[in-house]
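Summary of the model geometry
One-letter residues, chain by chain:
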Amino acid sequence: MDKITQKIRETAKLALEKGEVEKIIGWAKGDTWDDSYPVFVTDVDKADSLIWDNFCVNNVSKYLIKELKQSNKVGVFLKGCDSLGFNQLIVDNRIDRTKVVVYGISCPGMIDPEKVKKEGLNKGLKSVKRSGDQIIFVTSDGEKKVASKEFEFDKCLKCRHPNPVVYDQLMTDTLEEREVDLEARFKDVEDLEALSNDERSDYWKNQFSKCIRCNACRNICPACSCEKCIFDNTKAEVSGKAKADTEEQFYHIIRAYHVAGRCVECGECSRVCPAGIPLHKLNSKIIKDLNGLYGEHEAGLDSSVEAPIGMFKLDDCDSFTEHGGGKK
């Protein structure tokens, strides 16, 4: 990863020096082994702060909406899941593709700090390196090698696109695509589907009751990109300031329907939720049902393809009206 970091820095410096872009979006390293955060570079001298390591998990595509309002040309480093979000922003007409230079990075999977801490491997930890399918924990007492899949984010384990699906320049060699069948892709919703309607309702009521309305899920989501969210519109009178279960349920259900067919399955909503609400499960269930109704669709894979519920075809299934007879 050190070689990739070096290439990222050289690429950023060259682009800024030549005036190809006015700003670069990437990641920088914080004070701890697991702290890699989004950074915005405009000065060539600051390009050396850019890094690539096992903790660059943040999906940075969403930042383009704001940054393109302030810059005529922006360069951005995108992983596979980030590139899906990027394409979805194009589909939704939220960014101008001609104003972005995409530097693609093939990603073998990001390491979940919580899994590291759970195994107690964070004690005396200096750095975390990757070698093929192994993770090397470097501590004051030496090194320990383990299988990377034991410590990757759950969302990374079922990622189908380790390589960016769109880019102008590729920073890395391409990786072998992971085979993830439909059963494995939607395994996380099996427990929900096994519940009765009442049990499922109680499950989500309990989950949503944890919500503190920080809006982190909305703010990180590339499919949640309205100019002004309805929940920020005081004139709409759809959301109060008091914490009430009905408010939280309404917020999350509306948001789930809002991103239906457009969720790129990056899993960022669940990762950033401070209350630990498994929002990805709700989105996965909707994606599975939409695929069953309208055929397989993967949001963000192609910027020229609309979501199935964003278009109309005469042969679409009609399972809601008397005309459709309640069938596909």
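A brief look at the structure comes next. Position numbers for residues start from 1 in each chain and track the written sequence from start to end. The predicted nature of this model means local features are confined to residues of pLDDT at least 70 and side-chain atom pairs, given and counted, to a pLDDT of 80 or more, with totals for whole chains, interfaces and linings taken over all residues. Each side-chain value is derived from all of the structure's non-hydrogen atoms; neither hydrogens nor water enter the calculation.

1. A few points about the overall build of the chain
What the chain contains, in helices and strands, is 12 helices and eight strands. Two things to know: the radius of gyration comes from C-alpha atoms, and the globule rule equals 2.2 Å times the number of residues to the power 0.38. For the chain, the C-alpha radius of gyration of 21 Å lies close to 20 Å, the compact-globule estimate for 328 residues. For the chain, the spread of C-alpha atoms along the principal axes amounts to about 65 × 45 × 45 Å. Residues counted as buried form 48% of the 328 residues belonging to the chain. The long-range share in the chain, meaning contacts at least 24 apart out of those at least 6 apart in sequence, stands at 68%. Accessible surface is estimated by sampling points in the Shrake-Rupley manner with a 1.4 Å probe; for residues, cover comes only from the protein chains shown. With the model as given, the accessible surface of the chain reaches about 17,400 Å², and the carbon-plus-sulfur share is 49%. Residues counted as positive are Lys and Arg, residues counted as negative are Asp and Glu, and His and the chain ends are not counted. Taken as the charge location is NZ of Lys, CZ of Arg, CG of Asp or CD of Glu. For the chain, the distance from the average site of its 50 positive side-chain charges to the average site of its 56 negative ones is 3 Å. Numbering of helices and strands starts at the N terminus; helices are DSSP runs of H or I of at least 4 residues and strands are runs of E of at least 2. Burial here depends on accessible area, computed with a 1.4 Å probe over protein chains only, as a share of the maximum for the residue type. Under 20% is buried, over 50% is exposed, and the range in between is partly exposed. Note on contacts: a residue pair qualifies if any of its non-hydrogen atoms lie within 4.5 Å across the two residues.

2. Concerning the environment of L121
If you trace the backbone, L121 turns up in the loop between helix 4 (113-118) and strand 5 (125-131). Note: C-alpha distance between L121 and T139 (18 residues apart in sequence) is 8.7 Å. In contact with L121, not counting residues within four places along its chain, are V116, F137, K144 and F151.

3. Points about empty space enclosed by the protein
The way it works is a 1 Å grid over only the protein atoms, where trapped points that fit a 1.4 Å probe form a cavity and open points with protein on both sides within 12 Å along at least five of seven lines form a pocket, and then any residue with an atom within 4 Å of a point lines it. Grid points are joined across faces, edges and corners, and a volume is the space filled by probe spheres set on the points. This model, assessed by the stated rule, comprises three cavities of 30 Å³ or more. Here the largest cavity is characterised by a volume of approximately 80 Å³. In terms of lining residues, the largest cavity is bounded by 15 residues, among which C211, C214, C217, H252 and C273 are the most central. Contributing elements (two or more residues each) for the lining of the largest cavity: helix 9 (216-220) and helix 10 (245-258). Each residue belonging to the lining of the largest cavity can be placed in one class, and the counts come to 11 nonpolar, two polar and two charged. In this model, the second largest cavity occupies a volume close to 70 Å³. R185, G261, C263, E265, I287, L290, N291, H297, E298, A299 and P308 are the residues that line the second largest cavity. Of the residues forming the lining of the second largest cavity, the biggest block, three residues, is contributed by helix 12 (residues 279-294). Classification convention: Asp, Glu, Lys, Arg as charged; Ala, Val, Leu, Ile, Met, Phe, Trp, Tyr, Cys, Pro as nonpolar; all other residues, Gly among them, as polar. Each residue belonging to the lining of the second largest cavity can be placed in one class, and the counts come to five nonpolar, three polar and three charged.

4. Focus on the layout of surface pockets
Quantified by volume, the second largest pocket comes out at close to 550 Å³. For the second largest pocket, the lining is made up of 23 residues, of which K62, R218, C224, S225 and C226 are closest to its centre. For the lining of the second largest pocket, the elements supplying multiple residues, two or more each, are helix 2 (64-70), helix 9 and helix 10. The residue inventory of the lining of the second largest pocket, partitioned by class, reads 10 nonpolar, three polar and 10 charged.

5. Re the pairing of strand 1 (residues 23-29)
A large share of strand 1 lies buried, amounting to six of its seven residues. The pairing criterion for strands is at least two bridges between them, as found by DSSP. Note: strand 1 against strand 3 (residues 74-78), three bridges, orientation parallel. If you follow I24 over to strand 3, its bridge partner there is G75.

6. With respect to helix 8 (residues 197-208)
To estimate how far a helix should extend, the number of its residues minus one is multiplied by 1.5 Å. Compared with an ideal rise of 1.5 Å per residue, which puts 12 residues at 16 Å, helix 8 spans 16 Å between its outermost C-alpha atoms and is within 8% of the ideal. Taken residue by residue, helix 8 has W204, Q207 and F208 as its buried positions. Projected down its long axis, helix 8 carries its buried residues within an arc of 90°, all on one side. When we speak of the arc, we mean the arc of directions from the helix axis to the C-beta atoms.

7. Some remarks on the packing of aromatic side chains
Between 30 and 60 degrees the pair is tilted, below 30 it is stacked and above 60 it is edge-to-face, where a pair is any two Phe, Tyr or Trp rings, Trp via its six-membered ring, whose centres lie within 6.5 Å. Applying the stated criterion across every chain, the model contains nine aromatic pairs. Plain terms: the ring middles of Y203 and W204 are 5.0 Å apart, the flat faces sit at 80° to each other, and that makes the pair edge-to-face. One aromatic cluster in this structure is built from Y203, W204 and F208. By definition here, charges over rings are those cases where NZ of Lys or CZ of Arg is within 6 Å of the ring centre and within 35 degrees of the ring normal. In this structure, R213 packs its charged tip against the face of Y251, placed 4.3 Å from the ring centre.

8. Overview of the sheet that holds strand 4 (residues 100-104)
On the basis of which strands lie adjacent, the open sheet formed by five strands has the order 2-1-3-4-8 and mixed pairing. Where the open sheet ends on each side, the last strands, each with one partner, are strand 2 (36-41) and strand 8 (169-170). As defined by bridge partners, strand 4 adjoins strand 8 across two bridges and the pair is classed as parallel. Paired with G104 across the strands is L170, a residue of strand 8. Lines fitted to the C-alpha atoms define the axes, with helices restricted to the stretch that makes contact. Angles between their N-to-C directions range from 0 to 180 degrees. Contacts from helix 1 (residues 2-18) reach strand 1, strand 2, strand 3, strand 4 and strand 8, with the element oriented near 150° to strand 1. Along the sheet face, helix 3 (residues 80-91) touches strand 1, strand 3 and strand 4 and points at about 135° away from the line of strand 3.

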